[in-house]
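For reference, the chains in residue letters:
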Amino acid sequence: MNKNIFSWSSKWLIAVSGSSALVGVLHYFKSDEKECEASTKAYIHPSVKWDHNWDRREISSLVKPSKSESDPFEQNKINEQKSKLIPTATRHIFLVRHGQYEDWKNEDKDRKLTPLGHQQAAIVGQHLKDMNFKYTRLIHSTMTRAVETSKAILKYLPSVPVESSDLLREGNPIPSEPPIGTWREEYKYYEDGPRIEAAFRKYFHRASVSQKTDSYEVIVCHANVIRFFVCRLLQVPPEAWLRFSLYHCSITWVAIDPNGHVCVFSVGDSGFMPQKKLTKV
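The protein has the name Serine/threonine-protein phosphatase PGAM5, mitochondrial in an unreviewed UniProt entry, where Caerostris darwini is given as its organism. Taken directly from UniProt, the Subcellular location (unreviewed entry) text for the protein runs: "Mitochondrion outer membrane". The UniProt entry for the protein carries the following comment under Sequence similarities (unreviewed entry): "Belongs to the phosphoglycerate mutase family. BPG-dependent PGAM subfamily."

**Student:** It is not clear to me how helix 7 (residues 186-203) should be interpreted in this structure. Could you clarify?
**Tutor:** Given 3.6 residues per helical turn, the α-helix brings residues three or four places apart onto the same face. Here helix 7 contains 18 residues, and its C-alpha end-to-end distance of 26 Å stays within 8% of the 26 Å for a straight helix at 1.5 Å per residue. At D192, helix 7 shows its maximal kink, close to 30°; a proline, P194, follows between one and four residues later. Where helix 7 is buried, its residues touch strand 3 (91-97), strand 4 (135-141), strand 5 (162-165), strand 6 (215-221) and helix 8 (223-234).

**Student:** Please explain the side chain of S176 as it appears in this structure.
**Tutor:** Within the fold, S176 resides in the loop between strand 5 and helix 7. The exposure class assigned to S176 is buried, which follows from its relative accessible area of 11%. At 3.3 Å, the side chain of S176 forms a polar contact with the backbone nitrogen of I180. When near neighbours in sequence (up to four residues on either side) are disregarded, S176 contacts E239, W241 and L242.

**Student:** Which parts of the structure should I look at to understand the pattern of salt bridges?
**Tutor:** Opposite charge on two side chains lets them pair, provided their charged atoms get close. Applying the stated criterion to the full structure yields 13 salt bridges. A salt bridge links R56 to D51; its shortest N-O distance comes to 3.6 Å. In this structure D51 comes out as partly exposed when scored by relative accessible area, which is 31%. Close ionic contact of E197 with R232 constitutes a salt bridge, the shortest N to O distance being 2.8 Å. Pair noted here: E197 is in helix 7 and R232 is in helix 8, with a separation of 35 residues, a long-range link. Relative accessible area serves as the criterion here: at 15%, E197 is assigned to the buried category.

**Student:** Please explain the UniProt feature "binding site: substrate" (unreviewed entry) in the protein as it appears in this structure.
**Tutor:** Mapped onto this structure's residue numbering, the UniProt feature "binding site: substrate" (unreviewed entry) falls at R145. Mapped onto the elements, R145 comes out in helix 6 (residues 144-154). Under the relative-accessibility criterion, R145 is labelled buried at 3%. Residues contacting R145, with those up to four places away along its chain left out, are H98, Y101, D108, R111, L113, E170 and H222. Looking at R145, its side chain comes within polar contact range of the side chain of H98, at 3.2 Å.

**Student:** How should I be thinking about the packing of aromatic side chains in this particular structure?
**Tutor:** Here the distance between the centres and the angle between the planes together describe a pair of aromatic rings. The final tally for this structure, using the stated rule, is 11 aromatic pairs. In this structure an aromatic cluster arises from ring pairing among F94, F133, Y135, Y216, W253 and F265. A cation over a ring is seen here: R145 above Y101, with NZ or CZ 4.1 Å from the ring centre. Above the plane of the ring of Y247 lies K280, whose end atom (NZ or CZ) is 5.0 Å from the centre.

**Student:** What exactly am I supposed to notice about the pairing of strand 5 here?
**Tutor:** Successive side chains on a regular strand alternate, one facing one side of the sheet and the next facing the other. In this sheet, strand 5 lies alongside strand 4 in parallel orientation, the contact comprising 4 bridges. Looking at the pairing, I139 lines up with E163 of strand 5. One crossover worth recording links strand 4 to the parallel strand 5 by way of helix 6, and it is right-handed.

**Student:** How do you make sense of the nonpolar core when you look at a structure like this?
**Tutor:** Of all hydrophobic cores here, the largest spans 28 residues; its most connected members are L95, L168, F204, I219, F229 and L233. Of all the secondary structure elements, the ones that give two or more residues to this core are strand 3, helix 7, strand 6, helix 8, strand 7 (251-256) and strand 8 (262-269). Sort the elements by how many residues they give to this core and helix 8 lands first, with 8 residues.

Parameters and conventions
What you see as residue numbers is a count from 1 along each chain, following the sequence as written. Totals for whole chains, interfaces and linings use all residues, but because this is a predicted model, local features are given only for residues with pLDDT of at least 70 and pairs of side-chain atoms are given and counted only at 80 or more. Values reported for side chains reflect all heavy atoms of the structure, with hydrogen atoms and water molecules removed beforehand. UniProt positions are given in the numbering used here, feature names are shortened, and annotations may be inferred rather than shown by experiment. For helices the rule is a DSSP run of H or I covering at least 4 residues; for strands it is a run of E covering at least 2, with both sets numbered from the N terminus onward. Helix span, as expected, comes to 1.5 Å for every residue beyond the first. In this scheme, the bend at a residue equals the angle between the axes fitted to the seven residues that finish there and the seven that begin there. Contact criterion: two residues are considered in contact whenever any of their non-hydrogen atoms come within 4.5 Å of each other. Classification of residues uses two cut-offs on accessible area relative to the type maximum, computed with a 1.4 Å probe and protein chains only: under 20% is buried, over 50% is exposed, and between them is partly exposed. Pairing of N or O atoms within 3.5 Å defines a polar contact, subject to two protein rules: one partner must be a possible hydrogen donor and the other a possible acceptor, and residues neighboring in sequence count only if both atoms are side-chain atoms. Note on definitions: salt bridges are taken to be side-chain nitrogens of Lys or Arg within 4 Å of carboxyl oxygens of Asp or Glu. Ring geometry is summarised as follows: Phe, Tyr and Trp rings, the Trp one being its six-membered ring, pair when their centres sit within 6.5 Å, and such pairs are stacked at plane angles under 30 degrees, edge-to-face over 60 and tilted between the two. Distance and angle both matter: a charge sits over a ring if NZ of Lys or CZ of Arg is within 6 Å of the ring centre and within 35 degrees of the ring normal. Strand pairing is defined by DSSP finding a minimum of two bridges between the two strands. Handedness of a crossover is defined as follows: with both strands directed away from the viewer, a clockwise route from the first strand across the helix to the second makes it right-handed. Buried residues of nine kinds, namely Ala, Val, Leu, Ile, Met, Phe, Trp, Tyr and Cys, make up a nonpolar core once their side-chain atoms join them within 4.5 Å.

In structure tokens, the structure reads:
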């Protein structure tokens, strides 16, 4: 499945639901693809073209340009360097929002998971185990609710290496458009935004050439952070991050192929969670 994951997704129109298990297929056009493409070009023009070097790891950006484009020897040398830097693996990343927590308390150390939050964390841990991927690492925010959620998940994935990161802590990435929700002082976006953007740049990019097999990583963090990441990955205006919501312990599954193409398999998937245990706040 992994090798064909992006050729498959390019032929299907996928609808993602926040509470459904995965995706629904709307329609598959079996007509001549070239004819279809020609007809759409007549009236569809992208407002913003896809940036193939969004992670600054596109092959051309990794090799020093030739001093002389007319020198065949120099060009062959450049092409040889490029061929050695072409990755072959796909990175799958499962973004898990933490479980329900005592959000009425002021200090992070006191904002622990509720009994229901612990149950949610156990359920998502079991679900990740049942998905039966060979997870390569689990990274979690250093906030109490994310740490406790990660510990519950690791009971089901005991052999997975663990990392923690302050970059993944909850915050206010950027003022939303349109303005929705609780008002925040401008300085909070000024402080949190660069940190959350740094987390995106650190954890989201195509695989390196040294990675020979597909990887499956779990990142346990927070709703605002996850929603911002999804907007950045899809190259849509990041101000749209507050236009959708995520349940506690839901899974957002994204994949980045060797060419830097991004596929979002699910956003806020909570179909594995019993209805009575679904919470958002």
